[in-house]
Amino acid sequence: MPKKNSSGNHNAVSAEPRVHQRAPEIQSYGTVTHAFHLELEQPIRLEMTEQLNQLLADSMSLRDLYKKSHWQIAGPTFYQLHLLFDKHFDEQVEIVDTIAERVQLLGGLAIAMAADVAETTQIERPPRGREEVPVVLSRLLDAHQIIIRSCRELADRSSKLGDQGTNDMVVSDVLRPNELQAWFVSEHLVRTPLVDAEEQGSKAAD
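What counts and how
- Residues numbered from 1 in each chain as written.
- Predicted model: local features only at pLDDT ≥ 70, side-chain atom pairs only at ≥ 80, totals over all residues.
- Heavy atoms only, no water.
- Helix = DSSP H or I, 4+ residues; strand = E, 2+ residues; numbered from the N terminus.
- Contact = heavy atoms within 4.5 Å.
- Salt bridge = Lys/Arg side-chain N within 4 Å of Asp/Glu carboxyl O.
- Buried < 20%, exposed > 50% of the residue type's maximum accessible area, 1.4 Å probe, protein only.
- Phe/Tyr/Trp six-rings, centres within 6.5 Å; stacked < 30°, edge-to-face > 60°.
- Lys NZ or Arg CZ within 6 Å of the ring centre and 35° of its normal.
- Polar contact = N/O pair within 3.5 Å; in protein donor to acceptor, adjacent residues only side chain to side chain.
- Expected span 1.5 Å × (residues − 1).

Draft legend 1. A look at the environment of Ser150. Following the sequence through the fold, Ser150 ends up in helix H4 (residues 133-160). When the C-alpha positions of Ser150 and Gln54 are compared, they lie 8.7 Å apart, and in sequence the two are 96 residues distant. In contact with Ser150, other than residues within four places in its own chain, are Leu55 and Gln122.

This is the structure in structure tokens:
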């Protein structure tokens, strides 16, 4: 017969959920685990995870800015921009996940909660209300510019430190998609008429 647990029923299997559990953190934010198998020294991984978390916070802000713009956009170009913003949002969701996984892979902790992102991001917080289309587009482009600049700096730094994995991820999975999205957004700010096209110096038709 199986032996009875001498400590009572503390370890007994039960279908009852054990809720409201709390315990100390098993890893503090801003630290990295040993990850000896990566062949990257701890100081390098500490620096990379710090910079990647900054890029992550900015990317999460841009992701949410696209969703806000998707919901609140108005005007003659509503349909096109409504769809474009949602497409870019979905792409930014993938970018965010890719950056976060790189942070974790390096032994760090990815920033995650909205309050922490708001304290960290370099992207200007928009108002809660609806803004005109040119302002919405300009905010998105400003955010892309911040991320693109950070990508170039991080790619250069990671290459110098020998972290080619981070370099490849930043260039291929973050920089290039952001460049493409910025191009799509910027083309909507070209001043072209929706109805009339005139030759230089010609008069409007009666």
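Draft legend 2. Inspection of the pattern of salt bridges at higher detail. Counted by the stated rule, this structure contains nine salt bridges. A salt bridge links Asp86 to Lys67; its shortest N-O distance comes to 2.7 Å. Taken together, the residues span a long stretch of sequence, with Asp86 in helix H2 (residues 78-105) and Lys67 in helix H1 (residues 42-72) at a distance of 19 residues. What makes Asp86 partly exposed here is its relative accessible area of 24%. Residue Asp163 is joined to Arg102 by a salt bridge in which the shortest nitrogen-to-oxygen separation is 2.8 Å.

Draft legend 3. Structural context of the packing of aromatic side chains. In this structure the tally under the stated criterion is two aromatic pairs. Consider the rings of Tyr66 and Phe85, whose centres lie 5.9 Å apart with planes at 55°: the pair is tilted. Separated by 19 residues along the polypeptide, Tyr66 in helix H1 and Phe85 in helix H2 bring together distant segments of the chain. Exposure remark for Tyr66: the relative accessible area of 0% places this residue in the buried category. Summarising the aromatic geometry, the rings of Trp183 and Phe184 are spaced 5.3 Å apart at their centres and angled 65° between planes, so their arrangement reads as edge-to-face. For Trp183, a relative accessible area of 51% corresponds to the exposed category. For Lys67, the ring lying beneath its charged end belongs to Phe89, and the centroid distance is 4.2 Å.

Draft legend 4. Representation of the side chain of Asp58. Considering the arrangement of structural elements, one finds Asp58 in helix H1. Polar side-chain contacts of Asp58 include one of 2.8 Å to the side chain of Thr121. Not counting chain neighbours up to four residues away, the residues in contact with Asp58 comprise Thr121, Gln122, Ile123, Ile146 and Ile147.

Draft legend 5. Molecular detail of H2. With 28 residues, H2 ought to run about 40 Å at 1.5 Å a step, and its terminal C-alpha atoms sit 40 Å apart, in line with that. Within H2, the full set of buried residues consists of Leu81, Leu84, Phe85, His88, Phe89, Gln92, Ile95, Val96, Ile99, Ala100, Arg102 and Val103. The elements touched by buried residues of H2 are H1, H4 and helix H5 (164-186). Looking one or two residues past H2, Gly107 carries a phi angle of roughly 95°, positive in sign.

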